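Close look at the chain arrangement
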Amino acid sequence: MAALHHPDIDDVELVDVLAALGHPVRLRIARALASGAEMFCGEIVPDVPRSSLTHHWRALRESGVIRQRRAGRKLFLTLRRDELNARFPGLLDIALNDGF
């Protein structure tokens with residue numbers, strides 16, 4: 001399996017984060033990860049077809065919103081809350097608390 005690309009936080013652009021969080025499924029994923037706990041990708045939004053989740057994970061990861069970690073055949077996700085808060089103060093609080 002190819003290594004997962006996670007952009008350096010200094011390379012993360014506001015427009016990319018907003019575009020990623022602007023999709024309802026991706027916003028649900030970010031809200032589910034808001035507690036800071038790492039979650040298995042299959043448990044976050046079980047009602048969304050697997051075929052579309054790969055696209056959503058990639059969009060969130062490449063925009064800098066989440067981190068993915070492989071453990072065997074499973075992927076675990078975490079929200080990059082601290083990094084995003086340092087780069088864009090207050091953005092996640094607004095987005096994750098029905099501000100969008």
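Residues numbered from 1 in each chain as written. Predicted model: local features only at pLDDT ≥ 70, side-chain atom pairs only at ≥ 80, totals over all residues. Heavy atoms only, no water.

The next point concerns the environment of L75. Among the secondary structure elements, L75 is positioned in strand β3 (residues 74–79). When the C-alpha atoms of L75 and M39 are compared, they prove to be 8.5 Å apart, with 36 residues separating the residues in sequence. Not counting residues up to four positions away in its chain, the partners in contact with L75 are L4, M39, F40, C41, Q68, R69 and R70. (Helix = DSSP H or I, 4+ residues; strand = E, 2+ residues; numbered from the N terminus. Contact = heavy atoms within 4.5 Å.)

Following the criterion strictly, the structure yields 1 aromatic pair and no others. An angle of 55° between the planes, with centres 6.0 Å apart, marks the rings of F40 and F76 as tilted. One end of the pair, F40, is in strand β1 (residues 39–40); the other, F76, is in strand β3, with 36 residues separating them in the sequence. F76 gets classed as buried once you look at its relative accessible area, which sits at 18%. Over the ring of F40 we find K74; its NZ or CZ atom is 4.7 Å from the centre of that ring. (Phe/Tyr/Trp six-rings, centres within 6.5 Å; stacked < 30°, edge-to-face > 60°. Buried < 20%, exposed > 50% of the residue type's maximum accessible area, 1.4 Å probe, protein only. Lys NZ or Arg CZ within 6 Å of the ring centre and 35° of its normal.)

Throughout the structure, instances matching the rule amount to 6 salt bridges. D47 is paired through a salt bridge with R28; the nearest N and O atoms lie 2.8 Å apart. Residue D47 is found in the loop between α3 (41–44) and α4 (50–63), and its partner R28 is found in helix α2 (residues 24–32); the two are separated by 19 residues along the sequence. Between R69 and E38 there is a salt bridge, and its shortest N-O distance comes to 2.7 Å. With R69 in strand β2 (residues 66–71) and E38 in the loop between α2 and β1, this pair connects stretches of sequence that are 31 residues apart. Three or more residues joined by partner-sharing salt bridges are found here, namely R67, R80 and E83. (Salt bridge = Lys/Arg side-chain N within 4 Å of Asp/Glu carboxyl O.)

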